Each structure stands twice: as structure tokens, then as C-alpha cells.
Protein chains: 2
Amino acid sequence: MEFTDEEKAGLYKAIHTRRDVRSYFTNKPIPSDVLARILHAAHHAPSVGFSQPWNFILVKNSGTRKAIKKSFEEEKEQTANMVEEPRRSHYMQLKLEGIMESYLNICVTYDPTRFGPFVIGRGSIPQTGVYSVCCAIQNLWLAARAEDVGVGWVSILSNNIIKKHLNLPSHVEPVAYLCLGYVDDFPTKPDLEATGWLPRLQLKDVIDYEVWNGEPNVQWSELDKTLGESEYA
Amino acid sequence: MEFTDEEKAGLYKAIHTRRDVRSYFTNKPIPSDVLARILHAAHHAPSVGFSQPWNFILVKNSGTRKAIKKSFEEEKEQTANMVEEPRRSHYMQLKLEGIMESYLNICVTYDPTRFGPFVIGRGSIPQTGVYSVCCAIQNLWLAARAEDVGVGWVSILSNNIIKKHLNLPSHVEPVAYLCLGYVDDFPTKPDLEATGWLPRLQLKDVIDYEVWNGEPNVQWSELDKTLGESEYA
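Quick caveat, the model's predicted, so the values are computed rather than measured.

A. Broad picture of the relation of the copies chain A and chain B. Of the transformation placing chain A onto chain B, the axial shift is 0.0 Å and the rotation is 180°, giving an RMSD of 0.0 Å. Taken together, the rotation angle and the small translation identify this as a two-fold axis. In terms of C-alpha distance to the rotation axis, chain A has leucine 11 of chain A as its closest residue, with the C-alpha 2.2 Å off the axis. In this assembly, 100% of the residues forming the interface of chain A have copies in chain B that are likewise at the interface, indicating an isologous arrangement.

B. Broad picture of the layout of surface pockets. Computed from the structure, the largest pocket encloses a volume of approximately 470 Å³. What lines the largest pocket is a set of 29 residues, and nearest its centre among them are Asp20 and Arg22 of chain A together with Ser47, Gly49 and Phe50 of chain B. Of all the secondary-structure elements, those providing two or more residues to the lining of the largest pocket are α7 (191-194) of chain A together with α5 (128-146) of chain B. Among the elements that line the lining of the largest pocket, the one with the most residues is α5 of chain B, at 4 residues. Here the lining of the largest pocket is built from residues that sort into 14 nonpolar, 8 polar and 7 charged. Glu147, Asp148, Tyr182 and Phe186 of chain A together with Glu2 of chain B are the residues nearest the centre of the second largest pocket, which is lined by 15 residues in total. Its residues assigned to classes, the lining of the second largest pocket comprises 7 nonpolar, no polar and 8 charged.

C. Region of the structure containing the sheet that holds strand β1 (residues 54-59) of chain B. Taken together, the 5 strands give an open sheet; going across it, the order is β5(A)-β1(B)-β2(B)-β4(B)-β3(B), and neighbouring strands pair in mixed fashion. Edge strands, defined here as strands with exactly one partner in the open sheet, are β5 (207-209) of chain A together with β3 (149-154) of chain B. Ignoring strand direction, the axes of neighbouring strands in this sheet form an average angle of 25°. Taken together, the 7 bridges between strand β2 (residues 104-110) of chain B and strand β4 (residues 173-182) of chain B define a ladder with antiparallel strand orientation. When the bridges of β4 of chain B are listed, valine 108 of chain B appears paired with alanine 176 of chain B. Relative to β1 of chain B, helix α2 (residues 32-43) of chain B is tilted by about 155°, and along the sheet it contacts β5 of chain A together with β1, β2, β3 and β4 of chain B.

Here is what the cut-offs are and how they apply
Residues numbered from 1 in each chain as written. Chains lettered and ligands numbered in written order. Predicted model: local features only at pLDDT ≥ 70, side-chain atom pairs only at ≥ 80, totals over all residues. Heavy atoms only, no water. Least-squares fit on C-alpha atoms with pLDDT ≥ 70 in both. Contact = heavy atoms within 4.5 Å. 1 Å grid on protein atoms, 1.4 Å probe; cavity = no way out; pocket = protein on both sides within 12 Å on 5 of 7 lines; lining within 4 Å. Points joined across faces, edges and corners; volume = space filled by probe spheres on them. Helix = DSSP H or I, 4+ residues; strand = E, 2+ residues; numbered from the N terminus. Nonpolar A, V, L, I, M, F, W, Y, C, P; charged D, E, K, R; others polar. Pairing = 2+ DSSP bridges. Axes fitted to C-alpha atoms, helices over the stretch in contact; angles between N-to-C directions.

Written out as C-alpha cells, the structure reads:
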């Protein structure tokens, strides 16, 4: 089951051209077969102890969306107090969600009771349950990109408001609130990089050897050299 | 930037043939350019507020691995007390890690101080920081699969032992301890499905409409029908 060069290139293209989309949504409906492939990809994520602890709540209802959008506005206003000028004004000007304009919203949730209480691999590090849900979200995001569907993860929200409007049982956690739709454009760079909010780190800056902050010794020198090449910088 | 059919198929192949690998590791070294592509893919994950809060600590040192393996054995023994016979014996027989046999271990960490304290989108839901790291892990996993490299996520471990042996500062959290290497085989099904530990849920079982447990109304009937087709069941 080796990959051809073009199959490999397809995966890397999805990874490197995926964007967190807040603008450019069109009204074009997502056909059922496309949405099914995207959801199927999400469901085939790894999960701790094969617990598959995710649900995908598909939301079109405009009343629900308006309530979520209101929560966004309240949380944006409140969190703006955490940052000082001139970054505060920059923050307030950024377009950070597409709740109403996107074709579809999806809330991805974590149910810790699924196949529980004993789940293999979750006893020592309970957070691995919710980590599994995040892996499913990334699968969904990449599949959507390959299908030309944009995804925006909105996290300037109150989880309590989400739980209330989606009628979540108290033991179920919302993990992500996503906006999906076809888009006119996938920008070359992330919005927050393009607008100068933060730079992309170099790959070398996030690689450590043997221990935290560990420098490459002789057995790592070839990798260190490769990571310094322009395609990875 | 549309995807060709083969590029799309490449992404879906990585998603659907990826496995959590504990066996079949070979000794073949991973070349630097392959490892660089895998790490580069991880680094191009989405992150809340573009905070890129991850580090990848590459571990070959056998002393470190032995200490981590010892922690695995202790935690496996302890967590076995959480499950009753006959599942306890089944659990104890399962091969659940490849720490020593794999070519390389990678500890992926979360640094909440990166570009902080104010990170866009993290004020209301602080967990989104660590969720970003999980997205990076899934990118790494898929890229590895396309490169024919197996990845096993070992979570039957003490995070305190990991922190101690990798010299992590107190504010940095280990998120995943991964074992990477070329493998002889990627089994068709996950180990825990093949061995009868748990079944795979049907896709329909994890899709809700408009609210938790919400049934498909008329505007969702086409999707509901599609999700019931054999390729998604």
C-alpha cells in the first residue's frame, strides 16, 4: 500500500493549503456525497482505546446560529479587555467568524461515557479522550480542503451558550464550533500571518533533541541541516 | 487550487489506511528528508490565534526510552485494576506500545506561554491551545502514513515521568508520546477492532441534526440516505 508521488502530493497539498476560513463563503450548497466523505474522514480518526467519543451536530437553523453569533460578539467584546492598544484595535477589526454566511455549522462534541467507564489508554491520561476528538476535527478540515470546502473554527464563544442551544447533556463537552462552506478563495497565508499579527515560526525553532531545548548532537546533524533548508524555513 | 481526483484519493488513502501501530516496526532508519516532511506537515497545522504552541522532542536515547517503557509497564499494571475479567486478561495480552522497537520516539508538547499571554481565540476557551497541538499530531500521523512510516501513540504513561526525563519546564505539558518507524505492515483494521475489543460505530450513529440526538428532518433526508449507503456504514 505504498503511495504514488501524486497521492503523496495530494495529502501535502491539503495540509499546506488548508486555511482557517472566516471570509469568502459563498451560498453554494454542499452536496450530500461531499459532506458524507468529509464526515466519514472525521469518523476515521484515531481514538484512544478505539472509543470514537465524537458526535457531529450539523446546524443549519438560523435561530441557533443567531444565538451563537450573539455569544461570539459578547465574548469578543469581553476578551478585547485582555489586550492593550494598539493591538486591541487591530483585534477588533479582524474578521474572526463566518457563522451566518457559511452554508453549515458543525459542533463537534466529546462524550466521555462512550464505551466507558474503562477505555484502554485513557486511565493514566484522561485528556486523551478529548484529544481524539481533535484528531477527528483535523481529518474533517483536511478532507474539506480537498473538496474545496472552507472550514473556520470559531472559539470566541461561551461553551455554556453552545451547550444550552444545542441541548447537550451535562456530561458532553463541545470541543469545536465549525463553519463550513464553499469559498471564493483559499488565501496563500493564514489571515493572522498576512495581517502581521504574528509571524510563522521556523520549523527548526520547534524541534528539540532528546530533551526540552536539546541541541542536535552528531547523530542529528543531518536532520538539523535538512530542517535549515529553505523549503522548511 | 482544485484537487485532481488522484490528489484527493491520496488524502483519503492516508486517512483511511492510517493505523495506530504497536507491532511490525523494522530497524530501517527514517531518512532526514522524510522526517523533515513529516515534521513540516505537523508544523503547518491550524493553531488558535496562530500561536503554534507545539514542540517536537525527538528521542533516540535508549536510557530515556527505557525509563518511559518502565512507566508504561507500571501504568498498565495499575490501570488493569480498573477492568474486570475476562476483559482484564484480554487487556493484559494486548501489545500496546513499540517504545524500544521503533526507530524514533517523539514527544509532542504544549507551551501555553508561546506568544502569550493574550492569544486570539483562547480567552473564552483556554483548552483550544492544547487542541491545536492535537491537530499537529494528526497532520504528523497522516504525513507519516503517506511516507510509509508507522506511528503509535502511547498514552499508558505517567506525564510526570515524561516531564522528568525530557526535562520539561513546569509550565509545558506533554500531549503525546509517539513511536515512529518503518513497518512491515499496516493492518486493514485497527488492532482493537480486529481483536474484538470494540466495534467501529456506524457513521450515522455519530451524526446529529440541529441539536444533540436530533433526527434528520426533511432538509437533511438526502444526507441521511447517503450516510446509510454501504460505503459509509
